[in-house]
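What the coordinates show
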Amino acid sequence: MPIVLRNTGELAWRRSLFVNPGTVDVAVLDPSPTTGWAAEDLDSHIAEVRQRIADTLENWPGR
């Protein structure tokens with residue numbers, strides 16, 4: 001189940017010791033069925049999920 005987080009970088013940079021106050025937006029996408037996935041096709045399946053995440057970030061739900 002892909003979960004997309006938005007605005008996390010605004011609150012805490014990677015390896016930062018400080019967290020700034022703010023809001024993190026969360027979108028829970030429909031599950032990605034993995035039945036029938038084969039190792040040789042894994043790269044294309046991963047690319048599809050990454051594209052769904054990128055599309056969600058570009059067209060955030062409820063905007």
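The structure this text deals with has already been given above.
Quick notes on the rules
- Residues numbered from 1 in each chain as written.
- Predicted model: local features only at pLDDT ≥ 70, side-chain atom pairs only at ≥ 80, totals over all residues.
- Heavy atoms only, no water.
- Helix = DSSP H or I, 4+ residues; strand = E, 2+ residues; numbered from the N terminus.
- Buried < 20%, exposed > 50% of the residue type's maximum accessible area, 1.4 Å probe, protein only.

**So, unusual backbone geometry**
Apart from glycine, the bulk of residues carry a negative phi angle, and the bulk of peptide bonds sit in the trans form. Phi is positive for N7, close to 85 degrees, though the residue is something other than glycine. Residue position: N7 is located in the loop between β1 (3-6) and α1 (8-11). For N7, a relative accessible area of 32% puts it in the partly exposed group. In this model, R15 sits at a positive phi of 65 degrees, which is unusual for a non-glycine residue. On the secondary structure map, R15 appears in the loop between α1 and β2 (25-28). A relative accessible area of 77% means that R15 is categorised as exposed.

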